[in-house]
Each structure stands twice: as C-alpha cells, then as structure tokens.
Amino acid sequence: ATPTLAATAERLLSGGEAAAGPHRRLLVPLRRAGHSRPLFCIHPQSGWAWCFQPLAQALPADQPVWALQARGLLPDELPHATMASMVQDYLMAIRSVQPAGPYRLLGYSSGGIAAQEIARQLTEAGETVELLALLDSPLPSSIEARALDTRALLAAAGAQFGLTAGGTKGMPLSPLNTTAELARG
C-alpha cells in the first residue's frame, strides 16, 4: 500500500518506527524490509527526511532505506551545535542499524558534506564504504576548485547539445548563457 501524505508526515514527525534508543528520532525507516545492505540517506539543509520517500519507492523492493533527519525539528529538541556533533550522532545512528560495513551512504545537498565525513570516519575505523553518493552536493574538499576548468566543463556539457566552445549566438560561453541556451532547446 502506498503511504498517504498524512501518514508519512506523522511517521517523520514522530521518528517513525525507528530503532529504539537515543537515535530514534534521527532515523526514519523509509523501507525496513529487504536483503540488500541498507542505504542511509542524509538530509539536505531543511533537515527533513521526507524528500527521500520517492527514492525509496523507486528502488527495488529488497533495498532497505533509512533516512537521517536533523535534531531540533521538534519543539522539545535542540539542534546540533556543530557539524562534528551531528556527524557523530549520525554515525552512531547508522551503526545502531548496521553495526559493520560495507556501508551505502547518500548525501543530498548539504547532507553530502556530512556523508563525506561519515564515510571518512568509517574508512578510518577500518570499515568499507561501498557507496558514497552525493546529490547536488559540494565537491569533496580534497578536490581543489582551481583544478577545475569551468570553461572546459561548460564546453563539454554544451557539446552534448550542439553548442560550440566559442559561445552561443555571439555571446561568450558562461554558465548563465549555456543554461539559457540549453533551456531554449
């Protein structure tokens, strides 16, 4: 049965059927059942985990999906004071569901920063991270921005749609011009 919006909201607000213990409100089980390794999804800036529901529904039925939801969304909770404390809580919450790797992590937007740090800490502890997926997240800090050639990236993307590196309709190649030209189709 497909969950209703009201049922999903209630489950997210209450912490759902999450694991018992201090991480109950951080973990939202979007799909408990399955024989595959769980996928742990880390929330974007909003802190809410509901945005992963369509992903959970699109994945195979044997893929467990857990989402991490920020502390401090409910009136009786204080938010994490630092990224380090958030990462520590999320790491303990993940291990309450899956004590040992290999792990599958997905970070959405600013959640990608936390996912990268969780992956780093797991690896440092000798665990295997099988998947680290970043959706609309900043690049890992180990990649220096100056090493990226924006014009080359735009030229490659534009070439997929028949645009030339010389620009579009006499305008220099830029993110705004390329996006506008791609939108025109």
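Definitions and cut-offs
- Residues numbered from 1 in each chain as written.
- Predicted model: local features only at pLDDT ≥ 70, side-chain atom pairs only at ≥ 80, totals over all residues.
- Heavy atoms only, no water.
- Phe/Tyr/Trp six-rings, centres within 6.5 Å; stacked < 30°, edge-to-face > 60°.
- Helix = DSSP H or I, 4+ residues; strand = E, 2+ residues; numbered from the N terminus.
- Expected span 1.5 Å × (residues − 1).
- Buried < 20%, exposed > 50% of the residue type's maximum accessible area, 1.4 Å probe, protein only.
- Contact = heavy atoms within 4.5 Å.
- Pairing = 2+ DSSP bridges.
- Axes fitted to C-alpha atoms, helices over the stretch in contact; angles between N-to-C directions.
- Core = buried A, V, L, I, M, F, W, Y, C linked by side-chain atoms within 4.5 Å.
- Left-handed = near helix turned anticlockwise from the far one by under 90°.
- Nonpolar A, V, L, I, M, F, W, Y, C, P; charged D, E, K, R; others polar.

Trainee: Looking at this structure, how should I read the packing of aromatic side chains?
Mentor: Two descriptors summarise a pair of aromatic rings, namely the distance from one centre to the other and the angle between the planes of the rings. All chains considered together, the criterion is met by 1 aromatic pair. The interplanar angle of 75° and the centroid separation of 6.3 Å between the aromatic rings of Phe 52 and Tyr 108 together place this pair among those described as edge-to-face. Of this pair, Phe 52 sits in the loop between β2 (39-42) and α2 (53-58) while Tyr 108 sits in strand β4 (residues 103-108), and the two are 56 residues apart along the sequence.

Trainee: It is not clear to me how helix α4 (residues 111-124) should be interpreted in this structure. Could you clarify?
Mentor: In an α-helix, one turn spans 3.6 residues; hence positions three or four apart end up facing the same way. The terminal C-alpha atoms of α4, which comprises 14 residues, lie 20 Å apart, in line with the 20 Å expected from a rise of 1.5 Å per residue. Residues of α4 that are buried include every one of Gly 111, Gly 112, Ala 114, Ala 115, Gln 116, Ile 118, Ala 119, Gln 121 and Leu 122, and no others. Residues of α4 that are buried sit in contact with β2, α3 (83-97), β4 and β5 (129-135). In the stretch just after α4, Gly 126 is the one whose phi turns positive, near 90°.

Trainee: Looking at this model, I keep getting lost on the sheet that holds β5. Mind explaining?
Mentor: What holds strands together in a sheet is hydrogen bonding between their backbones, with the strands either parallel or antiparallel. Within the open sheet, the 5 strands sit side by side as β1-β3-β2-β4-β5. Their pairing is mixed. Each edge of the open sheet is held by one strand with a lone partner, namely β1 (27-31) and β5. The sheet shows a mean angle of 20° between the axes of neighbouring strands, taken without regard to direction. Note: β2 against β4, 4 bridges, orientation parallel. Along β4, the bridge assignment pairs Cys 41 with Leu 106. Packed onto the sheet, α3 meets β1, β2, β3 (65-68) and β4 and runs at close to 160° relative to β3. Most of the contacts of α4 go to β4, to which it runs at about 155°, and overall it touches β2, β4 and β5.

Trainee: Got a minute to help me understand the nonpolar core in this structure?
Mentor: Within soluble globular proteins, side chains that are nonpolar tend to cluster in buried spots. Within the largest apolar cluster, 20 residues are counted, with the highest numbers of intra-cluster contacts made by Ile 42, Leu 68, Tyr 90, Ile 94, Leu 105 and Ile 118. At the level of secondary structure, the elements contributing two or more residues to this core comprise β2, β3, α3, β4 and α4. Broken down by element, the residue count for this core peaks at 6 residues, all from α3. Once residues within four sequence positions are removed from consideration, Ile 118 is found in contact with Ile 42, Val 87, Tyr 90, Leu 91, Ile 94 and Leu 105. Within the second largest apolar cluster, 11 residues are counted, among which are Val 28, Leu 39, Ala 56 and Ala 133.

Trainee: It is not clear to me how α3 should be interpreted in this structure. Could you clarify?
Mentor: Taking 1.5 Å as the rise per residue, α3 with 15 residues should run 21 Å; its terminal C-alpha atoms sit 21 Å apart, in good agreement. Within α3, burial applies to Met 86, Val 87, Asp 89, Tyr 90, Leu 91, Ala 93 and Ile 94. Packing partners of the buried residues in α3 comprise β1, β2, β3, β4 and α4.

Trainee: Can you help me understand the packing of α3 against α4 in this one?
Mentor: In a pair of packed helices, the angle between the axes and the distance between the axes together describe the arrangement. The contact between α3 and α4 brings their axes to 10 Å, and the two run at 65°. Read as a crossing pair, α3 and α4 show a hand that is right-handed. Only Ile 113, Ala 114, Glu 117, Ile 118, Gln 121 and Leu 122 of α4 make contact with α3, whose side of the interface consists of Met 83, Met 86, Val 87, Gln 88, Tyr 90, Leu 91, Ile 94 and Arg 95. When its residues are assigned to classes, the contact of α3 with α4 shows 10 nonpolar, 2 polar and 2 charged.

Trainee: How should unusual backbone geometry be read in this particular structure?
Mentor: Phi is mostly negative for residues that are not glycine, and the peptide bonds are mostly trans. Of the consecutive residues Gly 101 and Pro 102, the connecting peptide bond is found in the cis state with omega at 5°. As for its placement among the helices and strands, Pro 102 is situated in the loop between α3 and β4. Even without being a glycine, Ser 109 presents a positive backbone phi close to 60°. Considering the arrangement of structural elements, one finds Ser 109 in the loop between β4 and α4. Residue Ser 109 is classed as partly exposed on the basis of its relative accessible area of 22%. Backbone geometry at Asp 136 places phi at a positive 55°, although glycine is not the residue there. Here Asp 136 lies in the loop between β5 and α5 (150-159).

Everything listed here is a matter of coordinates, which is why it stays silent on function.
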